[in-house]
Amino acid sequence: MSAPSHAAVVFLVDVDNTLLDNDHVTADLRRHLDEAVGPEGRARYWALFEQLRVELGYADYLGALQRYRLEFPRDLRLLTVSGFLVDYPFANRLYPGSLDVLERFRSWGPTVILSDGDVVFQPRKVQRSGLAEAVDGVLIYEDVERRYPAEHYVLVDDKLRVLTAVKRAWGARVTTVFPRQGHYAHDPEALAGHPPADLTVERIGDLVDHDLATLRARAGVVAAGPAGGR
């Protein structure tokens, strides 16, 4: 197999609360759990969900459902919950302008979904939302530099801690972009101790107003200093 070609710039874009309103998805799931298994079942599901998040380091909706099933093997109501997750209309939860931004990025260079999550549900979400067709590749916890080598990267993510970690690793080779969407982007605890991203926008759709030269130039504006300051 030949080595992947080296690109001038590669765009890496997160999914949950970056391109897609995952907070809305979660709220819909909470309502469905109330209807399907009642308040006690709903509370137990989310307890298992949080336990699994701590263990794995990412959200695993189906994994939490499997653990719930082990505890309540005779609860047939669980079937409606699994169907709800697998068949959820994720395309309805895309943020305005998401697809326009991806199209603009692709006109400049390879554009890749870079997401955490389990290897079953997360790709399903990307596929059903229509995002898979709008990008050049989908990576779930994979080696970016090996799969998509580039002179420069643009990383768009709603988690400031992720942007900070990548900035410290890659320095001026990456432009970090922080869309202030979703609960992490407005949580003081999640924001504390991290320097600002190279570029902050209020909505993902705002990125259609930025050109490539500006995005690349922003990489050297904000230094990724130690936690707590620049």
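Please refer to the structure placed before this passage.
In what follows, the accompanying structure is described. Values in this document were obtained by computation on a predicted structure and should not be read as measured data.

Moving on, we come to the overall build of the protein. Along the backbone of the protein there are nine helices and six strands. Since a compact globule built from 230 residues should have a radius of gyration of about 17 Å, the 19 Å found for the protein is in line with a globular shape. In the protein, buried positions account for 47% of the 230 residues. In the protein, of all internal contacts separated by at least 6 residues, the share reaching a separation of at least 24 is 66%. As presented, the protein carries roughly 11300 Å² of accessible surface, and 53% of it is formed by carbon and sulfur atoms. One way to put it: in the protein the 27 positive side-chain charges average out to a point 2 Å from where the 33 negative ones average out.

Take the nonpolar core next. One finds Leu-29, Tyr-45, Tyr-61, Phe-105, Leu-131, Val-156 and Leu-207 to be the most contacted residues of the largest nonpolar core, which totals 44 residues. Of all the elements in the fold, those that place two or more residues in this core are strand E1 (7-13), helix H1 (22-56), helix H2 (61-71), helix H3 (78-86), helix H4 (98-106), helix H5 (121-128), strand E4 (150-156) and strand E6 (199-201). A total of nine residues in this core trace back to one element, the largest contributor, which is H1. When residues no more than four places from it in sequence are discounted, the contact partners of Tyr-45 are Leu-29, Leu-33, Tyr-61, Ala-64, Leu-65 and Tyr-68. Within the second largest apolar cluster, 18 residues are counted, among which are Leu-12, Leu-155, Phe-178 and Ala-197.

This paragraph deals with the sheet that holds E4. Taken in spatial order, the six strands make up an open sheet running E3-E2-E1-E4-E5-E6, and their pairing is parallel. Only two strands of the sheet have a single partner each, and these edge strands are strand E3 (137-140) and E6. Adjacent strand axes in the sheet meet at a mean angle of 25°, parallel and antiparallel pairs treated alike. Sheet topology places strand E5 (residues 174-179) next to E6; three bridges connect them, and they run parallel. Bridge pairing in E6 places Phe-178 opposite Thr-200. The strands touched by helix H7 (residues 160-170) are E1, E4 and E5; relative to E5, the strand with the most contacts, the crossing angle is about 175°.

This brings us to H2. For H2, the set of buried residues is Tyr-61, Leu-62, Gly-63, Ala-64, Leu-65 and Tyr-68. Buried residues along H2 sit in contact with H1, H3 and H5.

This part is about empty space enclosed by the protein. Applying the stated criterion across every chain yields a total of two cavities of 30 Å³ or more. A volume near 30 Å³ is recorded for the second largest cavity. As for the second largest cavity, its lining consists of Leu-33, Val-37, Gly-41, Tyr-45, Leu-65, Tyr-68, Leu-78 and Val-81. Counting residues per element, the ones that place at least two in the lining of the second largest cavity are H1, H2 and H3. For the lining of the second largest cavity, the element with the highest residue contribution is H1, accounting for four residues. In terms of residue class, the lining of the second largest cavity is made up of seven nonpolar, one polar and no charged.

A few words now on unusual backbone geometry. With the exception of glycine, the majority of residues adopt a negative phi angle, and the majority of peptide bonds are in the trans configuration. The residue Asn-17 is not glycine, and still its phi comes out positive at about 65°. Here Asn-17 shows up in the loop between E1 and H1.

The rules behind each value
- Residues numbered from 1 in each chain as written.
- Predicted model: local features only at pLDDT ≥ 70, side-chain atom pairs only at ≥ 80, totals over all residues.
- Heavy atoms only, no water.
- Helix = DSSP H or I, 4+ residues; strand = E, 2+ residues; numbered from the N terminus.
- Rg over C-alpha atoms; globule rule 2.2 N^0.38 Å.
- Buried < 20%, exposed > 50% of the residue type's maximum accessible area, 1.4 Å probe, protein only.
- Contact = heavy atoms within 4.5 Å.
- Areas by Shrake-Rupley, 256 points an atom, 1.4 Å probe, with all protein chains shown as cover.
- Lys, Arg positive; Asp, Glu negative; His and termini not counted.
- Charge placed at Lys NZ, Arg CZ, Asp CG, Glu CD.
- Core = buried A, V, L, I, M, F, W, Y, C linked by side-chain atoms within 4.5 Å.
- Pairing = 2+ DSSP bridges.
- Axes fitted to C-alpha atoms, helices over the stretch in contact; angles between N-to-C directions.
- 1 Å grid on protein atoms, 1.4 Å probe; cavity = no way out; pocket = protein on both sides within 12 Å on 5 of 7 lines; lining within 4 Å.
- Points joined across faces, edges and corners; volume = space filled by probe spheres on them.
- Nonpolar A, V, L, I, M, F, W, Y, C, P; charged D, E, K, R; others polar.

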